[in-house]
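Residue strings, one per chain:
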Amino acid sequence: MPAPRCASCHKARAALRRPRSGQALCTTCFCASFEAEVLHTVVAGRLLPPGAVVAVGASGGKDSTVLAHVLRELAPRLGISLHLVAVDEGIGGYRDAALAAVRRQAARWELPLTVVAYAELFGGWTMDAVARSTAGSGRSRSCCTFCGVLRRRALEEGARRVGATHVVTGHNADDMAETVLMNFLRGDAGRLARGGGLGSPGEGGALPRCRPLQLASQKEVVLYAHFRRLDYFSEECVYAPEAFRGHARDLLKLLEAARPSAVLDLVHSAERLALAPAARPPPPGACSRCGALASRALCQACALLEGLNRGRPRLAIGKGRRGLDEEGSPREPQPSGPPTSEPIPGF
Amino acid sequence: MLWQVLEGLSQDSAKRLRFVPGVVFADEGAACGQSPEDRAKTLAEAKLVLQTVGFPWHIVALEEVFSLPPSVLRCSAREPVGTEGAYKAAVDSFLQQHHVLGEEKQSRPCPQHPQGRAGPPTAGQTEALSRLFNSVKTLTAKEELLQTLRTHLILHVARTHGYSKVMTGDSCTRLAVKLMTSLALGRGAFLAWDTGFSDERHGDVVVVRPMREHTLKEVAFYNRLFAVPSVFTPAVDTKAPEKASIHRLMEAFILRLQAQFPSTVSTVYRTSEKLVKAPRDGCAAGTPGPRCLLCMCVLDVDTADSATAFGAQTSSQLPQTQPPVAEAEAPTVSCCHSGMGRAQHCCRMEADPRACDPRACVTAQLCYGCRVNMKDLVSGGPSPAREQAGAGLGLRLRSPGTSGSSLLQPSLDPLPPYILAEAQLRSQRAEAEQEIQERLLEAEDGARPGATSAEQAHEDGARPGATSAEQEGADGL
């Protein structure tokens with residue numbers, strides 16, 4: 001049976017059914033529709049004002065590739081200029097290939113590229129070194145905790161170097177849904193309170209961050225990349241199987257099979273969560289060492305590095321940061337209850 | 001929970017509970033597809049347990065939802081909560097009353113018969129109920145519908161018999177699962193009401209969950225050690241495969257994760273304690289907006305074109321060739337005003353307001369979570385034609401009258417009449433208020449004389465029902 005006609009232009013044969021609404025669309029109309037939705041998100045949420053210099057966090061993966069491509073298409077209409085910022089975490093065998101993909105993209109799209117390396121920024125610590133350092137502690141390695149925090153810092157630093165006014169990342173709807181599930185399962189009330197919106201407006205000197213692809217589901221991102229024949233790097237990080245997010249991801253896959261709109265329902269729930277004021281993170285100040293945004297005396301990146309440098313990598317992870325030279329933070333930073341920020345390993 | 005209450009009320013407990021309890025048992029056999037013999041057997045077992053407990057008890061069948069009044073869906077005013085002094089005084093007077101009645105109560109046997117119900121449900125009602133549940137395509141929506149109807153029914157029983165609180169036996173584990181399920185269903189805004197200790201959205205009747213600190217394991221041990229009798233009834237999702245519904249999935253997932261990380265349930269529970277019953281900062285604080293028809297929480301939907309998940313889903317239904325029309329200026333209660341300019345009064349053109357898409361009228365009065373469930377009701381899987389007809393867009397090009405007669409149009413008939421009646425009443429009231437608002441504005445600046453006369457012409461037409469609703473609205477204002 002031949003494919004039905006495109007529901008929008010009624011001329012070409014449909015190439016796919018949109019996962020979200022079941023509409024049959026041809027490739028051109030789908031791509032146009034996708035771009036229109038991203039444009040709408042940016043405009044309606046007032047994320048990128050005209051004249052903004054936007055640093056795109058490019059990892060070489062499908063999300064950041066699609067993001068860079070769409071923003072490049074929309075840049076004339078929005079009046080923004082783009083810079084690619086890639087972060088080299090020093091994960092052997094993975095990051096080198098990804099960076100090669102980013103370099104190819106930058107060359108093809110003629111966008112300026114800046115590469116920021118952990119080793120350069122954080123005193124010689126690469127992710128591989130971090131993994132080795134945390135391996136011996138008998139519990140799970142929690143590499144993703146380190147990598148996530150340090151990458152944000154690196155991205156911010158890279159954005160500053162190119163003189164950007166906004167930072168965008170390619171998180172899609174599935175990422176947001178997984179995040180809210182994960183935060184509930186781990187009891188991370190602080191992150192739940194902070195998340196859910198379209199990005200942070202940038203307080204106290206940090207650059208405003210946003211996620212234009214937030215309302216696009218992962219399937220559609222993949223389809224868009226396929227139809228536009230974009231070149232991206234599609235392997236999983238070496239340390240990914242150990243992450244807690246894997247559980248949330250499996251759950252999300254199952255939920256989506258049971259109800260296709262589950263992803264957007266979760267994003268809607270995340271937007272509307274109301275947490276008690278006591279659970280919200282304290283108003284941000286500045287880190288005493290590096291001057292970055294921090295809710296305590298030391299920002300998380302500095303605290304993690306301090307722990308690594310002292311040979312006690314788990315110093316800054318979990319409840320209470322005793323041992324770090326902080327001027328007594330009077331509030332107990334984590335919620336009361338069983339220590340839950342680290343999952344107890346099954347092995 | 002019953003056993004605990006029994007113990008708490010007994011003469012020799014250290015801290016006696018001070019309330020007068022009754023027990024409600026809801027028979028849902030028809031929804032679960034049980035045969036009449038099975039239902040009778042379950043009922044007999046349940047009666048045995050209830051008689052052992054000794055409190056006044058009521059057995060209601062789910063079929064009775066078809067005879068509920070629409071007032072169930074209205075939030076009645078609560079009696080003003082007193083201060084500490086008033087509480088003590090109330091307890092004292094209660095104790096005195098109890099003393100006086102104490103001897104009498106001992107001699108009188110507890111009422112054995114169910115109160116206020118006239119016999120078992122009729123076959124017609126049972127059939128209507130099975131038709132309703134069979135018309136729901138997904139198990140998720142079935143479970144949600146069952147919960148909603150059960151809540152309404154118990155609420156009604158509580159109200160008619162003068163109970164001010166309803167206690168449910170949800171344990172910690174079940175509440176953790178319920179929280180995650182509600183998240184996945186889009187009810188993130190209402191988590192505090194769905195899983196908190198007390199739930200006062202119905203106004204005069206408060207739902208409390210005293211067992212929320214006990215895990216299922218503890219409850220099982222308690223029942224076994226103290227030989228608490230229990231009755232097993234198959235539920236709507238018994239023997240369903242694990243992936244059949246979101247509820248099943250979540251339950252299986254959480255229990256599996258709990259085996260690996262033993263703190264999962266307690267973590268989720270602690271997080272739920274941090275939720276507050278307020279709209280998120282940044283949303284319009286002030287007078288709370290309209291309430292959802294089914295779950296009675298304040299509506300949590302925004303304008304259809306906003307940069308939120310809700311906006312993404314409603315605007316995505318537009319075909320590419322049409323410019324994105326501003327779908328709704330505000331979360332309107334009546335479908336007639338969504339997306340239409342003032343000149344296109346779709347409902348006003350019809351003589352009878354019911355000719356406009358009833359499904360859209362109901363949908364517009366629901367919160368996000370209930371809307372997603374409603375999509376599964378009758379319509380089945382997503383399909384563009386039905387979605388466009390049913391999503392309340394009442395598209396710009398054709399009048400809704402035709403969509404009502406199309407064969408693809410899913411009907412709301414299986415729904416119990418009280419829901420439909422209340423939906424209609426609310427939409428009529430909103431229309432009436434809207435009319436009055438307009439008239440007030442126009443009286444001030446005298447603009448648009450053409451529209452005014454057109455409205456008056458329609459109003460003078462054959463719409464007796466609407467006129468009286470309007471009168472009501474006027475008196476209210």
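Rules of the game
- Residues numbered from 1 in each chain as written.
- Chains lettered and ligands numbered in written order.
- Predicted model: local features only at pLDDT ≥ 70, side-chain atom pairs only at ≥ 80, totals over all residues.
- Heavy atoms only, no water.
- Helix = DSSP H or I, 4+ residues; strand = E, 2+ residues; numbered from the N terminus.
- Contact = heavy atoms within 4.5 Å.
- Areas by Shrake-Rupley, 256 points an atom, 1.4 Å probe, with all protein chains shown as cover.
- Pairing = 2+ DSSP bridges.
- Core = buried A, V, L, I, M, F, W, Y, C linked by side-chain atoms within 4.5 Å.
- Buried < 20%, exposed > 50% of the residue type's maximum accessible area, 1.4 Å probe, protein only.
- Expected span 1.5 Å × (residues − 1).
- Arc of directions from axis to C-beta.
- Domains from an automatic or database assignment.
- Buried area = accessible area lost by both parts, 1.4 Å probe.
- Salt bridge = Lys/Arg side-chain N within 4 Å of Asp/Glu carboxyl O.
- pLDDT = per-residue confidence, 0-100.
- UniProt positions renumbered as here; feature names shortened; annotations may be inferred.
- Patch = residues over 30% accessible without salt bridge, like charges linked within 9 Å, V, L, I, M, F, W, Y side chains within 5 Å.
- Phe/Tyr/Trp six-rings, centres within 6.5 Å; stacked < 30°, edge-to-face > 60°.
- Polar contact = N/O pair within 3.5 Å; in protein donor to acceptor, adjacent residues only side chain to side chain.
- Disulfide = S-S within 2.5 Å.

**Student:** Outline the overall build of chain A, supporting the account with residue identities and numerical values.
**Tutor:** Tallying secondary structure elements over chain A gives twelve helices and ten strands in all. Of all intrachain contacts in chain A linking residues separated by at least 6 positions in sequence, the fraction that spans at least 24 positions is 68%. Working note: accessible area of chain A is about 14,900 Å², and carbon and sulfur atoms make up 53% of it.

**Student:** Lay out the sheet that holds strand β5 (residues 206-208) of chain B in plain terms, naming residues and giving numbers.
**Tutor:** Spatial strand order, β3-β5-β4 (chain B): three strands in an open sheet with mixed pairing. Here the strands that pair on one side only, and so sit at the sheet edges, are β3 (165-167) and β4 (198-199) of chain B.

**Student:** So what's going on with the nonpolar core? Residues and values would help.
**Tutor:** Side chains of nonpolar character tend, in soluble globular proteins, to be buried together. In terms of nonpolar packing, the biggest core is built from 46 residues, with L181, F184, L255, L266 and L273 of chain A together with M180 and M250 of chain B touching the most fellow members. For this core, the secondary-structure elements that each account for two or more residues are α7 (173-186), α8 (189-194), α10 (245-258) and α11 (262-271) of chain A together with α7 (172-184), α8 (191-195), α10 (246-260) and α11 (264-273) of chain B. Among the elements that take part in this core, α7 of chain A stands out by supplying eight residues, more than any other. Filtering out sequence-adjacent residues up to four positions away, F184 of chain A remains in contact with L192 and L273 of chain A together with L179, M180, L183, L191, T267, V268 and T271 of chain B. Grouped together as the second largest cluster of nonpolar side chains are 44 residues, L132, M296, C367 and L415 of chain B included.

**Student:** Explain helix α5 (residues 123-134) of chain B to me, using residue names and the numbers behind them.
**Tutor:** All names here are of chain B. Between its first and last C-alpha, α5 extends 16 Å over twelve residues, near the 16 Å set by a 1.5 Å rise per residue. Buried within α5 are the following residues: A128, L129, L132 and F133. Buried residues in α5, looked at end-on, bunch into an arc of 130 degrees, giving them a common side. With respect to the buried face of α5, the exposed residues turned more than 90 degrees away are A123, E127 and N134. On its buried side, α5 packs onto α2 (29-32) and α6 (139-160).

**Student:** Now, about the domain arrangement of chain A: what can you tell me, with residues and values included?
**Tutor:** Residue and element names in this part refer to chain A. Per the domain assignment, the segments of chain A are domain 1 (27-274) and domain 2 (284-318). Listed per partner, the contact involves 18 residues of domain 1 and 13 residues of domain 2. When the buried area of domain 1 at its contact with domain 2 is split by residue, W125, F146 and R153 rank highest and sum to 36% of it. Applying the counting rule to domain 1 against domain 2 returns zero salt bridges. For the side of domain 1 that touches domain 2, the secondary-structure elements that each account for two or more residues are α5 (127-135) and α6 (143-161). Sorting elements by how many residues they give to the side of domain 1 that touches domain 2 places α6 first, with five residues.

**Student:** Go over the pattern of salt bridges with me, naming the residues and quoting the values.
**Tutor:** Where side chains of opposite charge bring their charged atoms close, a pairing between them can arise. Scanning all chains against the criterion turns up 21 salt bridges over all chains. A salt bridge links K219 of chain A to E256 of chain A; the shortest N-O distance between them is 3.0 Å. You can see K219 of chain A sitting in helix α9 (residues 218-227) and its partner E256 of chain A sitting in helix α10, a full 37 residues away along the chain. The class of E256 of chain A is buried, set by a relative accessible area of 15%. Salt bridges sharing common partners tie together D170, R187, D194, D199, R201 and R209 of chain B.

**Student:** Describe the confidence of the model for chain A, and please don't skip the residues or the numbers.
**Tutor:** Close reading of the predicted structure is inappropriate where its pLDDT is low. Residue and element names in this part refer to chain A. Of the residues in chain A, 86% reach a pLDDT of 70 or more, and the chain-wide mean stands at 79. By mean pLDDT, the top-scoring element of chain A is α9 (90), and the lowest-scoring one is strand β7 (residues 199-200) (70). Of the regions scoring below 50 in pLDDT, residues 326-347 engages in 40 contacts with residues more than four places distant in sequence or in other chains.

**Student:** Got a sec to walk through the UniProt feature "domain: Cytoplasmic tRNA 2-thiolation protein 1 C-terminal" (unreviewed entry) in chain A? Specific residues and values, please.
**Tutor:** Feature annotation in UniProt assigns "domain: Cytoplasmic tRNA 2-thiolation protein 1 C-terminal" (unreviewed entry) to the following positions: residues 285-315 of chain A. Annotation note: span residues 285-315 of chain A, helix share 32%, strand share 13%, distance between end C-alpha atoms 21 Å.

**Student:** So what's going on with a nonpolar patch on the surface? Which residues, and what values?
**Tutor:** A surface patch of nonpolar side chains, about 370 Å² in accessible area, is lined by F221, L225 and F226 of chain B. Assignment of secondary structure puts F221 of chain B in helix α9 (residues 216-225).

**Student:** Which residues make up the packing of aromatic side chains, and what are the values?
**Tutor:** Residue and element names in this part refer to chain A. Taken as a whole and judged by the stated rule, the model has six aromatic pairs over all chains. Residues F30 and F34 carry aromatic rings whose centres are separated by 6.2 Å and whose planes lie at 45 degrees to one another, so their mutual orientation is tilted. Of this pair, F30 and F34 are both found in helix α1 (residues 27-44), four residues apart, which corresponds to roughly one turn of the helix. Classification of F30 as buried rests on a relative accessible area of 0%. The structure contains a cluster of three or more aromatic residues connected by ring pairs, namely F30, F34, Y224 and F227.

**Student:** If you had to explain the confidence of the model for chain B to someone new, which residues and values would you point to?
**Tutor:** Residue and element names in this part refer to chain B. Confidence along chain B averages 68 in pLDDT terms, with 58% of residues attaining 70 or more. A low-confidence stretch, residues 103-118 stays under pLDDT 50, and its non-local contacts, those more than four residues away or across chains, total 15 contacts. Per-residue pLDDT stays below 50 along residues 447-477; that stretch engages in 32 contacts with residues further than four places along the chain or on separate chains. If you check the scores for this complex, the pTM reads 0.75 and the ipTM reads 0.80.

**Student:** Go over the side chain of R371 of chain B, please, and point to the residues and values.
**Tutor:** Residue and element names in this part refer to chain B. Note on placement: R371 falls in helix α15 (residues 368-376). We classify R371 as buried; its relative accessible area is 18%. One polar contact links the side chain of R371 to the main-chain carbonyl oxygen of L366, over a distance of 3.0 Å.

**Student:** So, the state of the cysteines: which residues are in play, and what are the values?
**Tutor:** All names here are of chain A. Across all of its chains, the model carries zero disulfides over all chains by this definition. The thiol of C9 is unpaired, and the distance to the nearest cysteine sulfur, on C29, comes to 3.6 Å. With relative accessibility at 21%, the residue C9 sits in the partly exposed group. Cysteine C31 shares no disulfide, and the gap to the nearest cysteine sulfur, in C26, comes to 8.9 Å.

**Student:** Which residues make up unusual backbone geometry, and what values do they have?
**Tutor:** With a phi close to 55 degrees, E110 of chain A is a non-glycine residue in the positive phi region. Along the chain, the position of E110 of chain A falls in the loop between α3 (95-109) and β5 (113-117). On the basis of relative accessibility, which here comes to 69%, the residue E110 of chain A falls in the exposed class. Despite not being glycine, M296 of chain B has its phi angle at roughly 60 degrees, a positive value. Turning to its location among the elements, M296 of chain B is positioned in the loop between α11 and α12 (309-315). The exposure class of M296 of chain B is buried, given its relative accessible area of 1%.

**Student:** An account of the pairing of strand β2 (residues 57-61) of chain B is requested, with residue identities and associated values reported.
**Tutor:** Residue and element names in this part refer to chain B. Burial runs high along β2: five of the five residues are buried. Residues of β2 alternate between two faces, with W57, I59 and A61 on one and H58 and V60 on the opposite face, all of them buried. One ladder, built from five bridges, connects strand β1 (residues 23-27) with β2; its direction is parallel. Residue pairing for β2: V24 is matched across the bridge by H58.

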